[in-house]
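# Descriptive analysis of the structure
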Amino acid sequence: RKFNSISSGSRPQDLALEYLDFAQKYPPPSYLYIQLHLRWIFRDTLQPKDKDFNPQDYSDYRVRLWTFLVRPYLRSIAQYRLFVALFVKLSGGEKEDQPKSIRHLVDDVTYRAVKKAKLN
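Residues numbered from 1 in each chain as written. Predicted model: local features only at pLDDT ≥ 70, side-chain atom pairs only at ≥ 80, totals over all residues. Heavy atoms only, no water.

Let us look at the overall build of the chain. A tally of regular secondary structure across the chain gives six helices and zero strands. The globule rule puts the C-alpha radius of gyration for 120 residues at 14 Å, and the 14 Å found for the chain is close to it. Excluding contacts between residues fewer than 6 apart, the proportion of contacts in the chain whose partners are at least 24 apart in sequence is 55%. By element, 51% of the accessible surface of the chain is carried by carbon and sulfur atoms, the whole surface being about 7500 Å². Charge-centre separation for the chain: the mean point of 21 positive side chains lies 9 Å from the mean point of 13 negative side chains. (Helix = DSSP H or I, 4+ residues; strand = E, 2+ residues; numbered from the N terminus. Rg over C-alpha atoms; globule rule 2.2 N^0.38 Å. Contact = heavy atoms within 4.5 Å. Areas by Shrake-Rupley, 256 points an atom, 1.4 Å probe, with all protein chains shown as cover. Lys, Arg positive; Asp, Glu negative; His and termini not counted. Charge placed at Lys NZ, Arg CZ, Asp CG, Glu CD.)

Vacant regions in the atomic arrangement are exposed by a probe of water-molecule size rolled over the atoms. Empty space within the largest pocket amounts to approximately 210 Å³. If you trace the largest pocket, you find 14 residues lining it, with Ile 34, Arg 75, Ser 76, Ile 77 and Leu 119 closest to the centre. When residues of the lining of the largest pocket are traced back to their parent elements, those giving at least two are helix H1 (12–25), helix H2 (31–46) and helix H4 (77–91). Taken together, the residues of the lining of the largest pocket sort by class into eight nonpolar, four polar and two charged. (1 Å grid on protein atoms, 1.4 Å probe; cavity = no way out; pocket = protein on both sides within 12 Å on 5 of 7 lines; lining within 4 Å. Points joined across faces, edges and corners; volume = space filled by probe spheres on them. Nonpolar A, V, L, I, M, F, W, Y, C, P; charged D, E, K, R; others polar.)

Let's shift gears to the confidence of the model for the chain. Atom-level detail of predicted coordinates should not be read off regions where pLDDT is low. Confidence along the chain averages 89 in pLDDT terms, with 92% of residues attaining 70 or more. Of all the helices and strands in the chain, helix H3 (residues 61–68) carries the lowest mean pLDDT, 93, while H1 carries the highest, 97. Here residues 1–8 scores under 50 on pLDDT; set against residues more than four positions off or in separate chains, the count is 15 contacts. (pLDDT = per-residue confidence, 0-100.)

Attention now moves to H2. Along H2, the sharpest change in direction is near 35° and occurs at Trp 40. Taken together, the buried residues of H2 touch H1, H3 and H4. Capping of H2 at its N-terminal end is provided by Ser 30; its side-chain oxygen lies 3.1 Å from the backbone amide nitrogen of Leu 32. (Bend = angle between axes of the 7 residues up to and from the residue. Polar contact = N/O pair within 3.5 Å; in protein donor to acceptor, adjacent residues only side chain to side chain.)

Our next topic: H3. Taken together, the buried positions of H3 are Val 63, Leu 65, Trp 66 and Phe 68. Here the buried face of H3 lies against H2, H4 and helix H6 (111–116). (Buried < 20%, exposed > 50% of the residue type's maximum accessible area, 1.4 Å probe, protein only.)

Applying the stated rule across the entire model yields four salt bridges. Note that Asp 14 and Arg 11 form a salt bridge whose closest N and O atoms lie 2.8 Å from each other. With relative accessibility at 29%, the residue Asp 14 sits in the partly exposed group. Look at Arg 11 and you get partly exposed, because its relative accessible area is 32%. Of the charged contacts in the structure, one is a salt bridge between Asp 21 and Arg 81, with a shortest N-O distance of 2.9 Å. Of this pair, Asp 21 sits in helix H1 while Arg 81 sits in helix H4, placing them 60 residues apart in sequence. Under the relative-accessibility criterion, Arg 81 is labelled buried at 17%. (Salt bridge = Lys/Arg side-chain N within 4 Å of Asp/Glu carboxyl O.)

Written as structure tokens, this is what we have:
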């Protein structure tokens, strides 16, 4: 299976899930690799460069997700999959547009569920 590049027009959630599939198959030496790669994948969406975006406004789901992604308790593939599901839930959209592999997670996922997910 070929890894999509961000320039191919992929949505960040699709690219992130594909990356997590590879990370599960070929585990990196540390969860920090996953964290950094997911920040790279989601950067344009969660930290837009438009003038209306305020990175100090925690009522904006993008600010909350961006800061949540660097929490030290996020260190498993399961938690990162739930993070992607939370992104999909908070960013809205139609159910049929949600990635099939996490569609069953999107309705019930919360920040707490991501934090408390099993680490293995």
